[in-house]
Amino acid sequence: MIVHATPGRHLLADLRGIAAPLLMDAEALQDALIQAARQAGAHVLGAHFHHFGEQAGVTGVVMLSESHISIHTWPEHGFAALDVFMCGHAQPELALQHIRDVLRPGSEHVTCVERG
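Nothing here was measured: the structure is a model prediction, and the numbers come from that model.

### Describing the overall build of the chain
So, point 1. Broken down by element type, the chain carries three helices and six strands.
So, point 2. Along its sequence from the N terminus, the chain presents helices and strands in the succession β-α-α-β-β-β-β-α-β.
So, point 3. A compact globule built from 116 residues should have a C-alpha radius of gyration of about 13 Å, and the chain, at 14 Å, falls within 12% of that.
So, point 4. Reported as C-alpha extents along the three principal axes, the dimensions of the chain are approximately 55 × 30 × 20 Å.
So, point 5. Within the span of the chain, comprising 116 residues, buried residues form 41% of the whole.
So, point 6. Summarising the internal contacts of the chain: among those between residues at least 6 apart in sequence, 58% fall at separations of at least 24.

Below, the structure written as structure tokens:
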């Protein structure tokens, strides 16, 4: 019998109670997610972030050799949906911790899915 290690971990985080200005700043969010990827030991290939206009949220993705990190924000609700999927030796938990440190959510719900 051949046993395969799980090729990746996929963290899904609902982050609540975040200050609205943090959730409207596409440039700061991009910087935070890129830094989170690097702290997790991942390799950044590129990033694309979009701000939906005055007082609106942001959607963005950081593409990694190891997969991706994405975020979607709703400042009017103080809410961010975060998706961190990494394979190989990268540690998605370290990326999540960096994002927690930046956004300082009041509460969170995190689900970890073993992929593969």
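Having put the structure on the table, let's press on.
### A closer look at the pairing of strand β1 (residues 8-16)
So, point 1. The sheet contact formed by β1 and strand β5 (residues 79-87) spans nine bridges and is antiparallel. Residue pairing across strands places Gly8 opposite Cys87, the latter belonging to β5.
So, point 2. Where β1 meets strand β6 (residues 107-115), nine bridges bridge the pair, whose relative direction is antiparallel. Residue pairing in the sheet places Gly8 in a bridge with Arg115 of β6.

### Quick look at the packing of helix α2 (residues 26-39) against helix α3 (residues 92-103)
So, point 1. In the contact formed by α2 and α3, the axes pass within 7 Å of each other and the chain directions differ by 145°. For the pair α2 and α3, the crossing hand works out as right-handed. In contact with Leu29, Ala32, Leu33, Gln35, Ala36 and Gln39 of α2, α3 contributes Leu94, Ala95, His98, Ile99, Val102 and Leu103.

### Quick notes on the UniProt feature "modified residue: Pyruvic acid (Ser)" (unreviewed entry) in the chain
So, point 1. Those residues carrying the UniProt feature "modified residue: Pyruvic acid (Ser)" (unreviewed entry) are Ser67 in this numbering.
So, point 2. In this structure, Ser67 sits in strand β4 (residues 67-74).
So, point 3. Taking relative accessible area as the criterion, Ser67 reaches 24% and is therefore assigned partly exposed.
So, point 4. Setting aside residues no more than four positions away along its own chain, Ser67 makes contact with Val62, Phe85 and Met86.

Calculation notes
Residues numbered from 1 in each chain as written. Predicted model: local features only at pLDDT ≥ 70, side-chain atom pairs only at ≥ 80, totals over all residues. Heavy atoms only, no water. Helix = DSSP H or I, 4+ residues; strand = E, 2+ residues; numbered from the N terminus. Rg over C-alpha atoms; globule rule 2.2 N^0.38 Å. Buried < 20%, exposed > 50% of the residue type's maximum accessible area, 1.4 Å probe, protein only. Contact = heavy atoms within 4.5 Å. Pairing = 2+ DSSP bridges. Axes fitted to C-alpha atoms, helices over the stretch in contact; angles between N-to-C directions. Left-handed = near helix turned anticlockwise from the far one by under 90°. UniProt positions renumbered as here; feature names shortened; annotations may be inferred.

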